[in-house]
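The lines below spell out each chain.
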Amino acid sequence: MSEFDSNPFADPANDNPFNDPSVTQMTSSGVEPVDQYNPFPAHPTDNLAAHTAPYQPAVLQPSTEPSPQATAAAAQANLLKQQDELERKAAELDRREQELQSRGPSGKENNWPPLPKSFPIKPCFYQDFSEEIPVESQRVCKMMYYLWMFHCMTLFLNLLACLAYFTTDAVYGVDFGLSILWLILFAPCSFVCWYRPVYKAFQSDSSFSFFFFFFVFFCQVVIFVIQAVGIPKWGNSGWISAFSAMAANKAVGAIMIIVAILFTICAVLSVILLKMVHGMYRRTGASFQKAQQEFSQGVLTNKTFQTAAAGAASTAASTAAQGAFQGN
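Rules used in this analysis
- Residues numbered from 1 in each chain as written.
- Predicted model: local features only at pLDDT ≥ 70, side-chain atom pairs only at ≥ 80, totals over all residues.
- Heavy atoms only, no water.
- Helix = DSSP H or I, 4+ residues; strand = E, 2+ residues; numbered from the N terminus.
- Contact = heavy atoms within 4.5 Å.
- Phe/Tyr/Trp six-rings, centres within 6.5 Å; stacked < 30°, edge-to-face > 60°.
- Buried < 20%, exposed > 50% of the residue type's maximum accessible area, 1.4 Å probe, protein only.
- Core = buried A, V, L, I, M, F, W, Y, C linked by side-chain atoms within 4.5 Å.
- Axes fitted to C-alpha atoms, helices over the stretch in contact; angles between N-to-C directions.
- Left-handed = near helix turned anticlockwise from the far one by under 90°.
- Arc of directions from axis to C-beta.
- pLDDT = per-residue confidence, 0-100.
- Expected span 1.5 Å × (residues − 1).
- Polar contact = N/O pair within 3.5 Å; in protein donor to acceptor, adjacent residues only side chain to side chain.

**Details of the side chain of Ser237**
- Inspection of the secondary structure assignment puts Ser237 in the loop between α8 (207-229) and α9 (239-248).
- Aside from chain neighbours lying at most four places away, what touches Ser237 is Asn158, Ala161, Cys162, Gln227, Met256, Val259, Ala260 and Phe263.

The structure is reproduced here in structure tokens:
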């Protein structure tokens, strides 16, 4: 009955759920109530200022545009740099082109004549007996080379002998002049016209080179004989001229006799070597038909001949077209 005796309108202190000790502890703490919370405190940056550096205003640099003079100077400097680069590349290309031109058809650097590197004229040919000439042909090929050098030496001595002959009598000045001409003419022409062909013939076993050598070297043998004979006023210190000079001056005559002997040796050696080369040629199996075929192939594949033929064909075609239009 005690439960029914209680006043139902009394303060329900015991039934208040907020009187719970845990709730009372939380409400009595220092946390501000929700209705009193201020999201914008009076000094929000007090703690932040303690941890951050003092504020510095941003400084904007004034924008400076280059002047027209500076732009033009920079463009000129760039052009000069590009020009220097182009000149350097052009010099490199010229150097490579000169290196290619100084190399022979085999792609090797020319070594003949053996000239100093500082000399303005460069070697024109590549020559190596042990590398390019077969072993069985090296001896004869070297002998042909020695014959050419012996011939050049004889021509030089012939010039000195004719000069001495000229000092005895001014009438023989024509011999001295012709001796200079023979030295200038025969020394390089003999190398190109009969020594190089026989060198190429032994190198490549070319029938055309053999036939060309035989034709030119036969003419060279005839010239050796004429020089050894020594016809007066022909610029040769041969036997006839030497005996004629002996009557006027024995010293000059003796010099001319020595030169006549050298010319005679050249003639004899040339005949011997011609027979030796001919014998080797017959053993190679070369023929005139093969020489003709090599000549035809060489001419047809020659760029100079192709250019000349194309130019001649175009000229003939244009001439025929002009004639046809004029006829109409």
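**A few points about the packing of aromatic side chains**
- On inspection of all chains with the given rule, the structure shows 25 aromatic pairs.
- Between Tyr145 and Trp148, the aromatic rings sit 6.2 Å apart at their centres with planes inclined by 20°, giving stacked as the arrangement. With a gap of three residues between them, Tyr145 and Trp148 both fall in helix α6 (residues 135-168), about one helical turn apart. Per residue, the accessibility class of Tyr145 equals that of Trp148, and both read buried.

**What to know about the nonpolar core**
- The biggest cluster of nonpolar side chains holds 29 residues, and the ones touching the most others in it are Met144, Trp194, Tyr195, Phe202, Phe213, Phe217 and Val277.
- Contributing elements (two or more residues each) for this core: α6, α7 (173-204), α8 and α10 (250-283).
- At eight residues, the largest contribution of residues to this core is made by α7.
- When sequence neighbours within four positions are dropped, the list of residues in contact with Phe202 reads Ile133, Pro134, Ser137, Val140, Cys141, Phe210, Val277 and Met280.
- Within the second largest apolar cluster, 14 residues are counted, among which are Ala161, Ala242, Val252 and Ile257.

**Quick word on the packing of α6 against α8**
- The contact between α6 and α8 brings their axes to 13 Å, and the two run at 35°. Of the two elements, α6 crosses α8, and the hand of that crossing is left-handed. For the pair α6 and α8, contact is made by Met144, Leu147, His151 and Leu155 and by Phe213, Phe217, Gln220, Phe224 and Gln227, respectively.

**Topic: α9**
- For α9, the complete set of buried residues consists of Ser241, Ala242 and Ala245. Projected onto a plane normal to the axis of α9, the buried residues spread over an arc of 100° and lie on a single side. Summarising the geometry of α9, the exposed residues directed more than 90 degrees from the buried face are Phe243 and Ala247.
- Where α9 is buried, its residues contact α6 and α10.

**Section: the environment of Phe224**
- Tracing the chain through its elements places Phe224 in helix α8.
- A residue is classified by how much of its surface remains accessible, and Phe224, at 0% relative accessible area, is buried.
- In sequence terms Phe224 and Ser270 are 46 residues apart; their C-alpha atoms lie 8.3 Å from each other.
- For Phe224, the contacting residues outside a window of four places in its chain are His151, Phe263, Cys266, Ala267 and Ser270.

**Focus on the confidence of the model for the protein chain**
- Here the protein chain averages 78 in pLDDT, and 63% of its residues register 70 or above.
- When pLDDT is averaged over each element of the protein chain, α6 comes out on top at 95 and helix α3 (residues 46-51) at the bottom at 48.

**Details of α10**
- Taking 1.5 Å per residue as the helical rise, α10 with its 34 residues ought to reach 50 Å, and the 50 Å between its terminal C-alpha atoms agrees with that figure.
- Of the residues that open α10, the one with a side-chain oxygen 3.1 Å from the backbone nitrogen of Ala251 is Asn249.

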